[in-house]
Amino acid sequence: MSVSRILNYALYLYVLLYALIYFISSLDFLLLLYCVVILGVNEYESRFTTERWLNDDEGRVYLVDDLLNDHELIGKTKEEVITLLGSPAETEYFKEEDNVVYYLGAERGIISIDSEWLVIWFDGNEQAVKFELRTD
């Protein structure tokens, strides 16, 4: 076998290896791009608005974190809370005389067995003093 033939094979293998690395790098880039798009969509869909809250009972579980981070519930009057979140759920879960309960949807996680709830307590002046996320 001549030296030129060996060099041709080596060059051929180098080009194949380079093409394979380029192809894998392209797939990595596409995977990264896909993940960035999915995270962006998730971020957009988890932003709290009163309209989204009122129109998607099951999706509230994804809005509640944004709600609690961007809207200070403590100190709001009961009327302000109801204006922001709508009417509370008609349920006996976690219900006490001085609180309101909102259904959030199926529990977050891989195995969703329970439901999540937002419970807000009020003082004698009907101002929010405490809230908790609970599962049943």
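The following paragraphs examine the structure supplied in this document. (Residues numbered from 1 in each chain as written. Predicted model: local features only at pLDDT ≥ 70, side-chain atom pairs only at ≥ 80, totals over all residues. Heavy atoms only, no water.)

Moving on, we get to the overall build of the protein chain. A tally of helices and strands in the protein chain yields four helices and three strands. Secondary structure of the protein chain in N-to-C order comes out as α-α-α-α-β-β-β. Taking 2.2 N^0.38 as the reference for a compact globule, 136 residues should give roughly 14 Å; the C-alpha atoms of the protein chain span a radius of gyration of 27 Å, well beyond that estimate. The C-alpha extent of the protein chain, read off along each of the three principal axes, is 95 × 30 × 25 Å. For the protein chain, with 136 residues in total, the buried portion stands at 24%. Here the contacts in the protein chain between residues at least 6 apart in sequence split such that 40% fall between residues at least 24 apart. Counting every atom, the protein chain has about 9,800 Å² of accessible surface; 59% of that belongs to carbon and sulfur. Computed over 10 positive and 25 negative side-chain charges, the separation of the two mean positions in the protein chain equals 6 Å. (Helix = DSSP H or I, 4+ residues; strand = E, 2+ residues; numbered from the N terminus. Rg over C-alpha atoms; globule rule 2.2 N^0.38 Å. Buried < 20%, exposed > 50% of the residue type's maximum accessible area, 1.4 Å probe, protein only. Contact = heavy atoms within 4.5 Å. Areas by Shrake-Rupley, 256 points an atom, 1.4 Å probe, with all protein chains shown as cover. Lys, Arg positive; Asp, Glu negative; His and termini not counted. Charge placed at Lys NZ, Arg CZ, Asp CG, Glu CD.)

Most of strand β1 (residues 99-106) sits inside the fold, with seven of its eight residues counted as buried. As paired strands, β1 and strand β2 (residues 115-122) are joined by seven bridges and run antiparallel to one another. When the sheet's bridge partners are listed, V101 is paired in β2 with V119. (Pairing = 2+ DSSP bridges.)

Another aspect to go through is the pairing of β2. Within β2, eight of the eight residues are buried, which leaves the element mostly enclosed by the surrounding structure. By the alternation rule, side chains of β2 split into S115, W117, V119 and W121 and E116, L118, I120 and F122, which are all buried. Sheet topology places β2 next to strand β3 (residues 128-135); seven bridges connect them, and they run antiparallel. Residue pairing in the sheet places W117 in a bridge with R134 of β3. Taking the residues between adjacent antiparallel strands as the criterion, β2 and β3 are bridged by five residues, where E126 takes a positive phi near 60 degrees.

The next thing to look at is the pattern of salt bridges. Counted according to the given criterion, the structure contains five salt bridges. Residue R60 is joined to D57 by a salt bridge in which the shortest nitrogen-to-oxygen separation is 3.2 Å. Residue D57 is classed as partly exposed on the basis of its relative accessible area, which comes to 41%. E116 serves as the salt-bridge partner of R108, at 3.0 Å between the closest nitrogen and oxygen. Judged by relative accessible area, E116 falls into the buried class, the value being 7%. The structure contains a network of salt bridges with shared partners spanning D65, R108 and E116. (Salt bridge = Lys/Arg side-chain N within 4 Å of Asp/Glu carboxyl O.)

In this section: the packing of aromatic side chains. Per the stated rule, a full pass over the model turns up six aromatic pairs. Seen in terms of ring centroids, F94 and W117 are 6.3 Å apart; in terms of plane orientation they differ by 65 degrees. Their pairing is edge-to-face. Here F94 is found in the loop between α4 (78-85) and β1, whereas its partner W117 is found in strand β2, with 23 residues between them in sequence. Residue classification places W117 among the buried residues on the basis of a relative accessible area of 6%. Centroid distance Y103 to W117: 5.1 Å. Interplanar angle 70 degrees. Geometry classified as edge-to-face. Here the residue Y103 occupies a position in strand β1, and W117 occupies one in strand β2, the gap between them amounting to 14 residues. (Phe/Tyr/Trp six-rings, centres within 6.5 Å; stacked < 30°, edge-to-face > 60°.)

Tracing the backbone through its elements, the reader meets N99 in strand β1. A relative accessible area of 0% places N99 in the buried class. Polar side-chain contacts of N99 include one of 2.9 Å to the backbone nitrogen of E96. Residues contacting N99, with those up to four places away along its chain left out, are F94, V119, I120, W121 and F122. (Polar contact = N/O pair within 3.5 Å; in protein donor to acceptor, adjacent residues only side chain to side chain.)

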